[in-house]
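# Observations on the three-dimensional arrangement
The residues making up each chain are set out below.
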Amino acid sequence: EQTFGPQWRELFESPDAAQQQKTAHVPSWWKARRDQLLAMAKEQSPLYVYDEATLDESIGAMKKLESVDKCFYALKANSPVDVLKKMEASGIGFECVSEGEVEHVRNAFPGIDPQRILYTPNFAPKAELVRVMGLGGDRGGVRVTVDSVFALEKWADIFRGRDLFLRLDPGAGRGHHDYVKTGGQQSKFGIAAGDLEKLPALIEKAGARVVG
């Protein structure tokens, strides 16, 4: 199985009809509704338009993945509240990369189970980790992803009794520029393969559990 799916150019510029059938929505909804979109743009511009049927289709495809226990929607992809409402109603959780994104979800859905929020920071300061993990109080707090051994080595005490997700670097990444690749030797994201052997002892010392 491929680690990464098709690139953008493969999806939308490939002349291969078989390849194009792998896309989630062919033909593109905005092509079919071009006249309607142009008319809307005359009334208000700039304008962002999202297709509800496409969201439903993507949600349905995610929920059919039998090998995945829980699905989380990445707020950095698109965070308007109406889009988030579709995700929330479907039972999908939310992955947030910052304290601000966590608060955006909590403001949109007061009383949401904090376990439906996965906080995946990148080199967040200790104080922010403590604040965000504390949200939710006696209901277990917000879930957290650890993406480097540094936090476990230096701040083990803050993870005691916590269920942790680990972000692993697969050792390779894709992107149109080295600065946007989220995997590989030069990437700042994820725990490198060379550090994996350190994890069991660090997790045990912290008194934490790895659940994802």
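Residues numbered from 1 in each chain as written. Predicted model: local features only at pLDDT ≥ 70, side-chain atom pairs only at ≥ 80, totals over all residues. Heavy atoms only, no water.

## As for the environment of Leu55
The condition that has to hold: The way it works is that DSSP assigns letters per residue, a run of H or I at least four long becomes a helix, a run of E at least two long becomes a strand, and they are numbered from the N terminus. Residue contacts are defined here by distance: any two heavy atoms, one from each residue, within 4.5 Å place the two residues in contact.
Looking at the element boundaries, Leu55 is found in helix 5 (residues 52-63). Sequence spacing of Leu55 and Lys86 is 31 residues, and the spatial spacing of their C-alpha atoms is 7.7 Å. Those residues in contact with Leu55, other than ones at most four positions away along the chain, are Val83, Lys86 and Met87.

## A closer look at the pattern of salt bridges
Applied cut-off: Any Lys or Arg side-chain nitrogen found within 4 Å of a carboxyl oxygen on Asp or Glu counts as a salt bridge. A 1.4 Å probe rolled over the protein chains alone gives each residue an accessible area, and that area as a share of the maximum for its type sets the label: buried under 20%, exposed over 50%, partly exposed in between.
Enumeration according to the criterion identifies nine salt bridges in this entry. Across the pair Arg116 and Glu88 runs a salt bridge, and its minimum N-O distance is 3.2 Å. Of this pair, Arg116 sits in the loop between helix 7 (99-108) and strand 3 (117-119) while Glu88 is found in helix 6 (residues 81-90), placing the two residues 28 residues apart along the sequence. Note that Asp195 is salt-bridged to Lys198, the shortest N-O span being 3.3 Å. The partly exposed category is assigned to Lys198, whose relative accessible area is 38%. One salt-bridge network, in which partners are shared between bridges, spans Glu52, Asp56 and Lys86.

## Considerations on the packing of aromatic side chains
Stated formally: Between 30 and 60 degrees the pair is tilted, below 30 it is stacked and above 60 it is edge-to-face, where a pair is any two Phe, Tyr or Trp rings, Trp via its six-membered ring, whose centres lie within 6.5 Å.
Here the structure, examined in full by the defined rule, presents four aromatic pairs. Geometrically, the ring pair formed by Phe72 and Phe165 is edge-to-face, given 6.1 Å between the ring centres and 90° between the ring planes. Placement of Phe72 in strand 1 (residues 72-74) and of Phe165 in strand 5 (residues 163-166) is noted, with a sequence separation of 93 residues between them.

## Things to note about the sheet that holds strand 1
Sheets are built from strands paired through backbone hydrogen bonds, the pairs being either parallel or antiparallel. Note the following rule: Whether two strands pair comes down to DSSP finding at least two bridges between them.
Read across the sheet, six strands follow the order 1-2-3-4-5-6 without closing on themselves; strand pairing throughout is parallel. Of all the strands in the sheet, just strand 1 and strand 6 (209-210) have a single pairing partner and so form its edges. Inspection of the sheet shows strand 5 paired to strand 6 by two bridges, in the parallel sense. Paired with Asp163 across the strands is Arg209, a residue of strand 6.

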